[in-house]
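Residues per chain are reported as follows:
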Amino acid sequence: MKCEICGKEVTETYTCKLCGRRVCKEDFDKGSGICEICKETLCALCKVRLAIAICNECGRLVCEDCSIKVGVGYLCKDCAKEVDKRRKRVKTVSNSRL
Ligand SMILES: [Zn+2]
Ligand SMILES: [Zn+2]
Ligand SMILES: [Zn+2]
Ligand SMILES: [Zn+2]
């Protein structure tokens, strides 16, 4: 059998539970059951789903569940909260000035 990542001929392959690739021991993470490629593209927040975007604020990879679409880009849940807080604070400040 051939590893679908490095192309090495191996006797035993492991199947990635995310992408279904059959990979060698070196390209497989037994703990999480996923291949190296998926590991690299895993959401930095939940570490369960594949990332679909990069957060505009912190630059971390985020999945559909952990990201919020803002305009043309994305924010991770953490940054979205921060941005929201910032926005509210700005509002309060301008209100008190009135
Ligand atoms: Zn391999
Ligand atoms: Zn994979
Ligand atoms: Zn996630
Ligand atoms: Zn972020």
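Residues numbered from 1 in each chain as written. Chains lettered and ligands numbered in written order. Predicted model: local features only at pLDDT ≥ 70, side-chain atom pairs only at ≥ 80, totals over all residues.

Trainee: I'd like a description of unusual backbone geometry, backed by residues and values.
Mentor: Positive phi, close to 55 degrees, is recorded for K47, a residue that is not glycine. If you trace the backbone, K47 turns up in the loop between α1 (36-40) and β5 (53-54). Judged by the 13 C-beta atoms lying within 10 Å of it, K47 is partly exposed. (Helix = DSSP H or I, 4+ residues; strand = E, 2+ residues; numbered from the N terminus. Buried ≥ 20, exposed ≤ 12 C-beta atoms within 10 Å, placed from the backbone.)

Trainee: Any chance you could break down the pairing of strand β8 (residues 73-76) for me, citing the residues and the numbers?
Mentor: With four bridges joining them, strand β7 (residues 67-70) and β8 adopt antiparallel strand pairing. Across the sheet, residue V70 finds its bridge partner in β8, namely G73. Linking two consecutive strands that pair antiparallel, namely β7 and β8, is a turn of two residues; a positive phi of about 60 degrees is found at G71 within it. (Pairing = 2+ DSSP bridges.)

Trainee: Which residues make up the nonpolar core, and what values do they have?
Mentor: One finds V23, C35, C43, C55, V62, L75 and C76 to be the most contacted residues of the largest nonpolar core, which totals 20 residues. Contributions of two or more residues to this core are made by β4 (34-35), β8 and α2 (77-97). Structurally, this core is a two-domain feature, drawing no fewer than three residues from each of domain 1 (1-40) and domain 2 (43-98). With sequence-adjacent residues up to four places away left out, C76 is seen in contact with L45, C55, C58, R60, V62, C66 and S67. (Core = buried A, V, L, I, M, F, W, Y, C linked by C-beta atoms within 7 Å. Domains from an automatic or database assignment. Contact = placed C-beta atoms within 7 Å.)

Trainee: Describe the environment of C3, naming the residues involved and giving the relevant values.
Mentor: For C3, the location among the structural elements is in the segment before β1 (14-15). Note: C-alpha distance between C3 and E26 (23 residues apart in sequence) is 9.6 Å. Apart from the residues within four sequence positions on either side, C3 is in contact with K8, V10, T13, V23, C24 and D27.

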